[in-house]
There are 2 protein chains.
Amino acid sequence: MNNKKEKEIKQMQRLKSYFKTHLPKIEKNIDIIINEIDPYVRDIARHILKSGGKRLRPMLCILNARAFGYRNDDIYPLSCVLEFIHSATLLHDDIIDNANLRRGNKAAHTIFGETKTILTGDALLALSNQIVTRYENISLLKCLSDAIYKTACGEILEIAKMEKSYISTEEYLEIITGKTAYLIQFSCESGAILAGVEGKKLQSAREFGINLGIAFQLVDDVLDYSFEHNTGKPIGGDLREGKITLPLILYLDTLSTQEKKDLLGQIKSNRLTKELQDQIIKDINKKGILSQAIEKSEMYLNKARDALSFFPNSLETEILEDVIFFVKKRDK
Amino acid sequence: MNNKKEKEIKQMQRLKSYFKTHLPKIEKNIDIIINEIDPYVRDIARHILKSGGKRLRPMLCILNARAFGYRNDDIYPLSCVLEFIHSATLLHDDIIDNANLRRGNKAAHTIFGETKTILTGDALLALSNQIVTRYENISLLKCLSDAIYKTACGEILEIAKMEKSYISTEEYLEIITGKTAYLIQFSCESGAILAGVEGKKLQSAREFGINLGIAFQLVDDVLDYSFEHNTGKPIGGDLREGKITLPLILYLDTLSTQEKKDLLGQIKSNRLTKELQDQIIKDINKKGILSQAIEKSEMYLNKARDALSFFPNSLETEILEDVIFFVKKRDK
């Protein structure tokens, strides 16, 4: 085994062992908050919150706080707020996308109905605000409301852009910044704010988060098309659902204007044959398009790594480097 | 004209003239906030916000602040937040109720689609939080998140209870407290908090608000059935839509257990004939049921009036009395 490989294995082990220490505390705090919830909202909240999320956002909050020397256990409820906000957006997303499954389980709205699911999303967002007010920290509250606002606007931007005939790479990056990366930025930022961090250091926590968030989504997009990775999901799901993501955008850019127009028309009107779908997925894998998308994601991961240079030397700063490595290497 | 009548006319004139002074400033501030909104959310926000609301909630906020001596113009953006929260709940409500009209105009989701309408509701709630953080007042933020959380839970409670076979008067009051009165309470409370009010006085602003809010909804329920008032809307709309409100609950209480069960079954399964609907509406008007409901609303209005005794003597405290009178006498 060469040195690089050995270092990689060590990184993943260190990351896993760190997560293992904190995950039970995150779960315990999620349970405490669920039990505080109004009984009419609790079942739907439990359904979405206990459906096997990776708790990446809470972990990022804890890691950022501890990287900056914060050791108080009141970080845990704050870290859980991130999972509550994330869950609220998933509840609304699944209605919007008309999705029947979420993490392999039935989507909440298919069990509880759309009405209660919309309102539970609202209640979880309001509850998140309630919990954060307990910290009596205005900066934290300002960032929280910014993150929720930008996430909602990001999702509307996505819908508006998807209605157009074509999305450029720049527009796509704007969409995923809004709908995914801002909340990951806030996950990092909130931990740093609780640790009392300000100025350039706080800015670096933000930059770490936003770039990690964009990369996280781009890697997700690549995994969806990749023959090389075994995610357990059918390959090309995004294309089959008519979702336009970076690999498809880069593929469309290799076509002539007319070909591009025809293909987009077929995708949007749901007229793409199974054969053509398979051909596009093959082409995306063959024509170096996935490598281009991976390159893009690595550019953002490098920016996230650069931001870490402003963090203090600490175990948690190292673990945040492992997180970058995990996002780069993840296969599901 | 007798003295009482003369006094009543004066009260209404004073109220109207007070509203006339402040309404343009409220509208101006609503426009400023709408123009701040992300362009993809702005059109839907404008549609719901400029559809002819009475601005009761902003007025209550201003009246409470000024009653306690607060004269700063920064009350206006805060007062508008109440209208933004109210509008967000209306956007979600109309989807939930599958309503096509709102204040005589097309409901937002019928023009912009459910997806964007749900997300605009989310964005408006987040924006409300953003605006309130600018006041850097933790008490204000705590009350705001409480109000939004309780409103969302109140709506879920309504749906859950409506699925049951029967609702008691107590349960009905619990529902309208959640879905209507808490936001009216917060309208009053937020003005008082900005005025720096605490303790018993703040409690009295809250009590004024919650009781006014419950009465406001009960009067609304009565107007829907009343032959005596000309609201411009068809009489008995709630019954025809299968909505259970206080007059119907009181009417059901006059029936035998079997009759009650049969009638509820017909209402819930949408099998109520036009003839039976008309008969029930007539009975509710004849059998003194509306007077019972009016009595109930007046009980809450009296509680609101009692709360005002802890307010300082001021023009605005008098106007708040006029508001009680307006709720009692309103006919649309």
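To be clear, the structure that these remarks concern was listed above.
Residues numbered from 1 in each chain as written. Chains lettered and ligands numbered in written order. Predicted model: local features only at pLDDT ≥ 70, side-chain atom pairs only at ≥ 80, totals over all residues. Heavy atoms only, no water.

1. What to know about the environment of K150 of chain B
Residues and elements named next belong to chain B. Assignment of secondary structure puts K150 in helix α7 (residues 138-163). For K150, a relative accessible area of 32% gives the class partly exposed. Sequence spacing of K150 and A126 is 24 residues, and the spatial spacing of their C-alpha atoms is 16 Å. Once you skip the residues sitting within four places of it in the chain, K150 turns out to touch G178 and Y182. (Helix = DSSP H or I, 4+ residues; strand = E, 2+ residues; numbered from the N terminus. Buried < 20%, exposed > 50% of the residue type's maximum accessible area, 1.4 Å probe, protein only. Contact = heavy atoms within 4.5 Å.)

2. Details of the packing of helix α9 (residues 199-225) of chain B against helix α14 (residues 289-308) of chain B
Residues and elements named next belong to chain B. Where α9 meets α14, the closest approach of the two axes is 8 Å, and the angle between their N-to-C directions is 160 degrees. Considering their axes alone, α9 and α14 lie roughly antiparallel with respect to each other. The two elements α9 and α14 cross, and the hand of that crossing is left-handed. Here S204, E207, F208, N211, L212, I214, A215, L218, V219, V222 and Y225 of α9 come into contact with α14, specifically with L290, A293, I294, K296, S297, Y300, L301, K303, A304, A307 and L308. Among the residues forming the contact of α9 with α14, the class breakdown is 16 nonpolar, three polar and three charged. (Axes fitted to C-alpha atoms, helices over the stretch in contact; angles between N-to-C directions. Parallel < 35°, antiparallel > 145°, perpendicular 65-115°, else oblique. Left-handed = near helix turned anticlockwise from the far one by under 90°. Nonpolar A, V, L, I, M, F, W, Y, C, P; charged D, E, K, R; others polar.)

3. Comments concerning empty space enclosed by the protein
One pass over the structure, following the stated rule, counts four cavities of 30 Å³ or more. Empty space within the largest cavity amounts to approximately 90 Å³. Taken together, L119 and D122 of chain A together with I85, A88, T89, H92, L125, I148, T151, A152 and E155 of chain B form the lining of the largest cavity. At the level of elements, α6 (114-133) of chain A together with α4 (75-96) and α7 of chain B are the ones that each hand at least two residues to the lining of the largest cavity. Taken together, the residues that form the lining of the largest cavity break down as six nonpolar, three polar and two charged. (1 Å grid on protein atoms, 1.4 Å probe; cavity = no way out; pocket = protein on both sides within 12 Å on 5 of 7 lines; lining within 4 Å. Points joined across faces, edges and corners; volume = space filled by probe spheres on them.)

4. Quick notes on unusual backbone geometry
Positive phi is not limited to glycine here, since E136 of chain A has a value of about 50 degrees. Among the structural elements, E136 of chain A can be located in the loop between α6 and α7 (138-163).

5. Some points on the interface of chain A and chain B
Taken residue by residue, the interface counts 38 residues in chain A and 38 residues in chain B. Per-residue buried area on chain A facing chain B is highest for Y40, Y149 and I156 of chain A; these three make up 19% of the total on that side. At the boundary of chain A and chain B, one finds two salt bridges. The shortest N-O distance in the salt bridge between K142 of chain A and E136 of chain B comes to 2.8 Å. There are six residue pairs in polar contact (both at pLDDT 80 or more) connecting chain A and chain B. (Buried area = accessible area lost by both parts, 1.4 Å probe. Salt bridge = Lys/Arg side-chain N within 4 Å of Asp/Glu carboxyl O. Polar contact = N/O pair within 3.5 Å; in protein donor to acceptor, adjacent residues only side chain to side chain.)

6. Observations regarding the pattern of salt bridges
Any two side chains of opposite charge can pair, so long as their charged atoms come close to each other. Residues and elements named next belong to chain A. Taken as a whole and assessed by the stated rule, the structure comprises 36 salt bridges over all chains. Measuring nitrogen to oxygen at the nearest pair gives 3.9 Å for the salt bridge that ties E316 to R71. With E316 in helix α15 (residues 315-329) and R71 in the loop between α3 (56-67) and α4 (75-96), this residue pair connects regions lying 245 residues apart in the sequence. Relative accessible area serves as the criterion here: at 47%, R71 is assigned to the partly exposed category. Residues participating in the shared-partner salt-bridge network are E27, D31, K50, R55 and E83.

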